[in-house]
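# Structural overview for review
Read off the chains here:
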Amino acid sequence: MKNRIGAALLAAAMCLGVLAGCGSKNKSVAVYQLGEDQVVSLDSIIDEGEALLTSIDEPTDAALEAGLAEYTYHYKEIEDPALLAAAYIDVLRDAEQGFTVIDSGYHRVEEEPNVETLLGEIFLAKASTTEGKLFKVIVAWSEYSMAVQISQPDGKILAPPEPEVEEKEEDRPTALSEQMDFFNSLEPRDIGLEGDNMGDYTVYPKQGWVLVDSFSCRELDVYLEDVRDGSNVYMGTYYLSSNLQHLYRKSETGEIVSIDLK
């Protein structure tokens, strides 16, 4: 197959971009090309009669002027479009062609593409010869036909996206009212305060979150009323995590100290 691909690239000057015979009765193109970017065509990896190139969608003059060139090659009379698409994708991914499977956001896809479907499309790309652009190929198929689209979008191939981590129930942030109820249910002596009931204290929550030990925490200032003059006496600052699993207190030296809630 590699010898066939090499011959196709050498024949590009004679066959490129036209529905020409190139020594064959069937219409075909040897390579798909945009500017200096080129890739071996589907026609060049199949045997005669396996598929018929029926039409080419070309960009409008306005699209060309805007740098949005895009060509789509349509094929029919295919016995098994999904199987042929899989074979062509394998060719694009080999070392000679150098394409990488990507998603619609240009992130590299690590898992193998699924071509065992009646309908489907796979995106592939590699760095374009034009700086700042990709040479992108979309291979699409249906029950009876297949299409190959080439374009040069701006961008680059990105690393695979971070896997989504399923949020656990205990990691879900709680409402302010829940945090206040939880904090006021604690025993004062367990968090470094005096007395038997947090009802003796006034707690002032601050808006927003503070990151402590990688946990999102709400800052809580605790005051005690001075019975002599009714003024509020500052008793300390606490940090309660959004999932109610972690509590910290600011020491007199400004150090953030963890409090065991168990």
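As the structure is a prediction and not an experimental result, all values here were calculated from the model.

## Some points on the packing of aromatic side chains
Under the counting rule described, the total for this entry stands at five aromatic pairs. Ring centres 5.7 Å apart and planes at 55 degrees place the aromatic pair Phe99 and Phe135 in the tilted group. Of this pair, Phe99 sits in the loop between α4 (81–93) and β5 (100–102) while Phe135 is found in strand β7 (residues 134–141), placing the two residues 36 residues apart along the sequence. Taken as a pair, Phe99 and Phe135 share a single burial class, namely buried. Through a chain of ring-to-ring contacts, the aromatic side chains of Tyr204, Tyr223 and Tyr234 assemble into a single cluster. Taking NZ or CZ as reference, Lys136 lies 4.9 Å from the ring centre of Phe123, over its face. Stacked on the ring of Trp209, the Lys or Arg Arg218 has its end atom at 4.5 Å from the ring centre.

## Considering the pattern of salt bridges
Across all of its chains, the model carries five salt bridges by this definition. Ionic pairing is found between Arg189 and Glu187, a salt bridge with its closest N-O pair at 3.6 Å. Judged by its relative accessible area of 31%, Glu187 is partly exposed. Here Glu219 makes a salt bridge to Lys206, at a shortest N to O gap of 3.1 Å. Taken together, the residues span a long stretch of sequence, with Glu219 in strand β11 (residues 215–225) and Lys206 in the loop between β9 (201–205) and β10 (210–212) at a distance of 13 residues. Overall, Lys206 belongs to the partly exposed group, its relative accessible area being 38%. Each member of the salt-bridge network shares a partner with another, and the members are Lys206, Glu219 and Asp221.

## Here we look at the nonpolar core
Counting 36 residues, the largest nonpolar core has Tyr32, Val39, Tyr75, Tyr88 and Met146 as its most contacted members. Those elements that provide at least two residues to this core are β1 (31–34), β2 (37–40), β3 (52–57), β4 (70–76), α4, β6 (120–127), β7 and β8 (146–151). Looking at this core element by element, the count peaks at eight residues for α4. If we skip the residues at most four places from it in the chain, Met146 touches Leu42, Tyr73, His74, Tyr75, Ile78, Pro81, Leu84, Ala85, Tyr88, Val139, Ala140 and Trp141.

## Concerning unusual backbone geometry
Unusually for a residue other than glycine, Ser214 sits at a positive phi of about 70 degrees. Tracing the chain through its elements places Ser214 in the loop between β10 and β11. At Leu244, a residue that is not glycine, the phi angle is positive and equals roughly 65 degrees. In this fold, Leu244 is placed in the loop between β12 (232–241) and β13 (247–250). Overall, the relative accessible area of 18% leaves Leu244 in the buried class.

## Brief notes about the pairing of β4
In this structure, β3 lies alongside β4, joined through five bridges in antiparallel fashion. Note on β4: the bridge partner recorded for Ser55 is His74. Judged from the six bridges that link them, β4 and β8 form a sheet pairing that is antiparallel. Among the inter-strand pairings, Tyr73 is bridged to a residue of β8, identified as Val148.

Rules used throughout
- Residues numbered from 1 in each chain as written.
- Predicted model: local features only at pLDDT ≥ 70, side-chain atom pairs only at ≥ 80, totals over all residues.
- Heavy atoms only, no water.
- Phe/Tyr/Trp six-rings, centres within 6.5 Å; stacked < 30°, edge-to-face > 60°.
- Helix = DSSP H or I, 4+ residues; strand = E, 2+ residues; numbered from the N terminus.
- Buried < 20%, exposed > 50% of the residue type's maximum accessible area, 1.4 Å probe, protein only.
- Lys NZ or Arg CZ within 6 Å of the ring centre and 35° of its normal.
- Salt bridge = Lys/Arg side-chain N within 4 Å of Asp/Glu carboxyl O.
- Core = buried A, V, L, I, M, F, W, Y, C linked by side-chain atoms within 4.5 Å.
- Contact = heavy atoms within 4.5 Å.
- Pairing = 2+ DSSP bridges.

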